[in-house]
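One-letter residues, chain by chain:
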Amino acid sequence: MIVETIPVGMLMCNCVILGDEATRQAIVIDPGDEVERIGTLLDKHGLSVRAIVATHGHIDHVGGIARLKELTGAPAMLHEADLPMYESIALQAQWLGVPAPPTTTIDRHLSDAVSLQFGSQKLEVHHTPGHSPGSISLILPHDVPLVFAGDTLFAGSIGRTDLWGGSMDQILHSIRDTLFRLPDASIVLPGHGPRTTIGVERATNPFLLEK
Ligand SMILES: [Zn+2]
Ligand SMILES: [Zn+2]
């Protein structure tokens with residue numbers, strides 16, 4: 001398995017390239033920006049992209065989707081509940097004071113319990129709302145599962161819930177009922193910052209300790 005994490009853009013969103021070594025098929029998660037760098041890494045590994053997946057509709061995670069789709073021809077995927085957010089990317093750009101990136105058609109609306117195949121690998125989609133209504137987490141169910149948590153769970157923190165459509169109740173529920181069902185050894189690659197494990201977050205994350 002090829003796993004490349006590249007922090008992209010002003011907000012340093014962790015874009016992840018997942019590649020199946022045997023077939024060279026790949027999935028790109030959260031291409032927020034810097035599509036040239038992503039393209040260079042895809043070329044370096046000789047990967048062909050089967051799906052471009054965003055964990056949610058915030059600009060730092062979706063800003064490069066249109067350019068990457070143009071470069072690779074792969075379909076773009078997002079949970080339906082975050083489509084309005086993607087469609088208002090110009091407004092998000094204005095809030096951040098950056099130029100609006102180009103947008104594209106979202107080819108597939110992801111929902112809970114869907115799996116995305118690349119080579120012999122399957123990436124599971126889990127709806128984990130709270131940071132945004134359409135936030136998803138992606139899980140590679142290996143012996144040691146790999147979790148791509150978007151802005152739902154961070155090392156020592158959780159995603160903010162004061163943005164459009166956010167909910168503290170929902171995000172805590174999503175983490176407890178979906179992510180914390182995974183074994184302690186599961187490796188979490190959050191949408192920003194360093195990686196962590198489910199066990200460490202279960203034991204020490206201040207937002208999730210039972211009061
Ligand atoms: Zn976000
Ligand atoms: Zn983010």
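Structure shown above.
Residues numbered from 1 in each chain as written. Chains lettered and ligands numbered in written order. Predicted model: local features only at pLDDT ≥ 70, side-chain atom pairs only at ≥ 80, totals over all residues. Heavy atoms only, no water.

Caption draft 1: Fine view of the coordination of the zinc ion (ligand 1). For the zinc ion (ligand 1), the full set of protein donor atoms is His 56 (NE2), His 58 (ND1), His 131 (NE2) and Asp 151 (OD), and the range of their distances to it is 2.1 to 2.4 Å. Taken together, the four donor atoms surrounding the zinc ion (ligand 1) define angles of 89 to 171° at the centre, an arrangement classified as irregular. Written as a sequence motif, the donor arrangement for the zinc ion (ligand 1) is H-x1-H-x72-H-x19-D. (Donors = N, O, S within 2.8 Å, 3.2 Å for Na, K, Ca; no water. Tetrahedral: all angles 85-135°; square planar, octahedral: opposite > 155°, others 65-115°.)

Caption draft 2: Here's a closer look at the coordination of the zinc ion (ligand 2). Looking at the zinc ion (ligand 2), the protein donor atoms are Asp 60 (OD), His 61 (NE2), Asp 151 (OD) and His 192 (NE2), and they sit 2.1 to 2.3 Å from it. One way to put it: the four donor atoms around the zinc ion (ligand 2) meet at angles of 87 to 158°, and that makes the site irregular. Sequence spacing among the residues donating to the zinc ion (ligand 2) works out to D-H-x89-D-x40-H.

Caption draft 3: Quick peek at the pattern of salt bridges. Across all of its chains, the model carries five salt bridges by this definition. In this structure, Lys 44 and Glu 4 form a salt bridge, with 3.7 Å as the shortest nitrogen-oxygen distance. Of this pair, Lys 44 sits in helix α1 (residues 35–45) while Glu 4 sits in strand β1 (residues 2–8); the two residues are 40 residues apart in sequence, bridging distant segments of the chain. A residue is classified by how much of its surface remains accessible, and Lys 44, at 59% relative accessible area, is exposed. Between Glu 34 and Arg 37 there is a salt bridge; the shortest N-O distance is 2.7 Å. (Salt bridge = Lys/Arg side-chain N within 4 Å of Asp/Glu carboxyl O. Helix = DSSP H or I, 4+ residues; strand = E, 2+ residues; numbered from the N terminus. Buried < 20%, exposed > 50% of the residue type's maximum accessible area, 1.4 Å probe, protein only.)

Caption draft 4: Here's a closer look at helix α3 (residues 65–72). Every buried residue of α3 is listed here: Ile 65, Ala 66, Leu 68 and Lys 69. For α3, the arc enclosing every buried residue in end-on projection is 165°, short of the 170-degree limit, so these residues lie on one face. Of the residues in α3, the exposed ones pointing more than 90 degrees away from the buried face are Glu 70 and Leu 71. Looking at the buried residues of α3, the elements they touch are β3 (25–29), α1, β4 (48–53), α2 (59–62), β5 (76–79) and α4 (83–87). In the stretch just after α3, Gly 73 is the one whose phi turns positive, near 75°. (Arc of directions from axis to C-beta. Contact = heavy atoms within 4.5 Å.)

Caption draft 5: The packing of α1 against α3, seen in detail. Here α1 crosses α3 at 35°, and the two axes come no closer than 10 Å. Our pair here, α1 against α3, has a crossing hand that is right-handed. In contact with Val 35, Ile 38, Gly 39 and Leu 42 of α1, α3 contributes Arg 67, Leu 68, Leu 71 and Thr 72. Class assignment for the residues of the contact of α1 with α3 results in five nonpolar, two polar and one charged. (Axes fitted to C-alpha atoms, helices over the stretch in contact; angles between N-to-C directions. Left-handed = near helix turned anticlockwise from the far one by under 90°. Nonpolar A, V, L, I, M, F, W, Y, C, P; charged D, E, K, R; others polar.)

Caption draft 6: A look at the pairing of strand β13 (residues 187–190). Bridge count for strand β10 (residues 146–150) against β13 is four bridges, and the pairing is parallel. Its bridge partner being in β13, Val 147 is matched across the sheet by Val 188. With two bridges joining them, β13 and strand β14 (residues 196–197) adopt antiparallel strand pairing. Across the sheet, Ile 187 pairs through a bridge with Thr 197, a residue of β14. Linking β13 back to β14 in an antiparallel pair, the connection comprises five residues, with Gly 193 at a positive phi of about 80°. (Pairing = 2+ DSSP bridges.)

Caption draft 7: How the structure looks around unusual backbone geometry. Within the chain, Met 12 stands out as a residue other than glycine whose phi angle is a positive 50°. Considering the arrangement of structural elements, one finds Met 12 in the loop between β1 and β2 (13–19). If you check the backbone angles, Ala 113 has positive phi at about 75° while not being a glycine. Along the chain, the position of Ala 113 falls in the loop between β6 (108–110) and β7 (115–118).

Caption draft 8: View of α1. All buried positions along α1 are accounted for by Val 35, Ile 38, Gly 39, Leu 41, Leu 42 and His 45. Buried residues of α1, viewed axially, fall in a sector of 165°; they line one side. Along α1, exposed side chains directed more than 90 degrees from the buried face belong to Glu 36, Thr 40, Asp 43 and Lys 44. For α1, the elements touching its buried residues are β1, β2, β3, β4 and α3. Positive phi appears at Gly 46, one or two residues downstream of α1, with a value of about 65°.

Function cannot be read off these values alone, since they describe shape.
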